[in-house]
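Summary of the model geometry
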Amino acid sequence: MGQGRGWEGAVLRLLRAKDFVLTVLEAEDVTPHYRRLRVRDGGLLAATGVHPTMWVRLWFSADGRPHQRAYTLVDPDPAAGTFALEFALHEGVASGWARAARPGDTVEATVQGTGFRHPAPAPSHLVAIGDPASLPAINSLLDALGPAPATVWFEGDPAGLPSRAEPDRHEIRAVPREDAGARLLERVRTELPAVLAGTPHPYVWIACDTATTRALASYVRTDLGVPKQRVHALGYWRAD
Ligand SMILES: Cc1cc2nc3c(=O)[nH]c(=O)nc-3n(C[C@H](O)[C@H](O)[C@H](O)COP(=O)(O)OP(=O)(O)OC[C@H]3O[C@@H](n4cnc5c(N)ncnc54)[C@H](O)[C@@H]3O)c2cc1C
């Protein structure tokens with residue numbers, strides 16, 4: 001989600017947000033709609049540390065002003081000072097920059113607002129609901145939450161995308177994006193109660209477009225009664 005750098009930039013500076021310059025080392029078209037850039041971190045990881053689902057605010061210029069967009073760190077390596085960024089491509093300033101990015105290109109990054117609290121008790125079952133924009137975060141969750149079985153409802157076509165799911169314990173259920181997320185909501189409403197039945201400590205992680213995320217979070221908390229602290233929901237992009 002983006003905002004200009006005006007008041008938001010000023011607030012971030014007051015909060016002593018950390019700014020870094022990332023340099024593209026390598027670019028790879030994973031699919032025609034998903035591009036991975038490996039970057040040198042400009043000292044970011046050493047200064048901030050690393051946590052699951054960690055994200056940064058990247059700054060892009062368009063229409064003569066800065067635009068901020070959030071992206072997730074993939075395989076951060078503090079010793080090497082590198083990580084990757086994975087872009088689900090569509091129309092937009094961030095997508096446009098990523099499509100054209102070549103080794104040597106740079107982008108500014110601010111670290112502010114990211115965080116992660118390991119759910120305690122550890123999840124007996126992880127439920128993740130997302131799409132290509134939140135796939136990097138879902139992958140890092142699957143890595144971080146160890147042996148727990150997981151069910152992932154994935155809005156979109158997962159073919160060719162870099163899923164970290166392990167088939168023996170992680171199940172991916174793909175749902176086409178239709179009716180602005182209504183199809184996903186319906187599938188989750190139909191299927192989630194059976195997945196949650198009998199699991200003592202579920203953890204539900206939701207990151208889709210903002211409206212769908214809100215509807216899913218409300219269903220899980222209110223209709224299914226999953227305790228608030230066991231549900232993490234954050235809208236990752238705003239649909240028109
Ligand atoms: C914490 C966090 C972490 C994120 N991590 C990632 C990540 O690792 N990889 C990633 O690809 N995205 C990630 N996102 C989502 C990304 O920030 C947004 O998709 C962002 O809007 C993209 O900016 P843009 O300039 O390309 O498009 P914008 O200028 O914001 O939007 C242009 C048009 O594209 C549409 N649009 C925007 N995003 C999407 C989308 N994802 N799918 C379909 N249509 C879209 C908008 O509705 C609009 O019509 C993350 C978001 C958050 C909040």
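Rules behind the numbers
Residues numbered from 1 in each chain as written. Predicted model: local features only at pLDDT ≥ 70, side-chain atom pairs only at ≥ 80, totals over all residues. Heavy atoms only, no water. Pairing = 2+ DSSP bridges. Helix = DSSP H or I, 4+ residues; strand = E, 2+ residues; numbered from the N terminus. Axes fitted to C-alpha atoms, helices over the stretch in contact; angles between N-to-C directions. Contact = heavy atoms within 4.5 Å. Phe/Tyr/Trp six-rings, centres within 6.5 Å; stacked < 30°, edge-to-face > 60°. Buried < 20%, exposed > 50% of the residue type's maximum accessible area, 1.4 Å probe, protein only.

Pairing analysis gives eight bridges linking strand 3 (residues 55–62) to strand 4 (residues 65–72), with the strands arranged antiparallel. Pairing of Ser 61 across the sheet is with Pro 66, part of strand 4. The hairpin turn running from strand 3 into strand 4, its antiparallel successor, is two residues long, and Asp 63 in that turn takes a positive phi close to 55 degrees.

The subject of this paragraph is the sheet that holds strand 6 (residues 82–88). Taken in spatial order, the seven strands line up as 4-3-7-1-2-6-5 in an open sheet, and their pairing is antiparallel. Among the strands making up the open sheet, the edge pair consists of strand 4 and strand 5 (74–77). Looking at each pair of strands side by side, their axes are set apart by 35 degrees on average, direction ignored. Summarising the sheet, strand 1 (residues 18–31) and strand 7 (residues 106–111) pair through six bridges and their orientation is antiparallel. What sits directly across from Asp 19, in strand 7, is Thr 110.

Counting through the fold element by element, Lys 18 comes out in strand 1. Residues Lys 18 and Gln 112 lie 94 residues apart in sequence; the distance between their C-alpha atoms is 7.2 Å. Setting aside its immediate chain neighbours within four residues, Lys 18 contacts Ala 47, Thr 48, Ala 109, Thr 110 and Val 111.

Our next topic: the packing of aromatic side chains. Using the criterion set out here, one finds four aromatic pairs in the structure. Between Phe 60 and Trp 97 the ring centres are 5.5 Å apart and the planes differ by 55 degrees, which places this aromatic pair in the tilted class. Placement of the pair is Phe 60 in strand 3 and Trp 97 in helix 3 (residues 93–100), with a sequence separation of 37 residues. You can call Phe 60 buried: its relative accessible area is 4%. Judged by relative accessible area, which is 19%, Trp 97 ranks as buried. Measuring from ring centre to ring centre gives 6.1 Å for Trp 205 and Tyr 236, while their planes differ by 80 degrees; the resulting arrangement is edge-to-face. Of this pair, Trp 205 sits in strand 11 (residues 202–206) while Tyr 236 sits in the segment after strand 12 (231–233); the two residues are 31 residues apart in sequence, bridging distant segments of the chain. On the accessibility criterion, Trp 205 (2% relative accessible area) is buried. Tyr 236 sits in the buried class, given a relative accessible area of 19%. An aromatic cluster of three or more residues is present, and its members are Phe 60, Tyr 71, Phe 87 and Trp 97.

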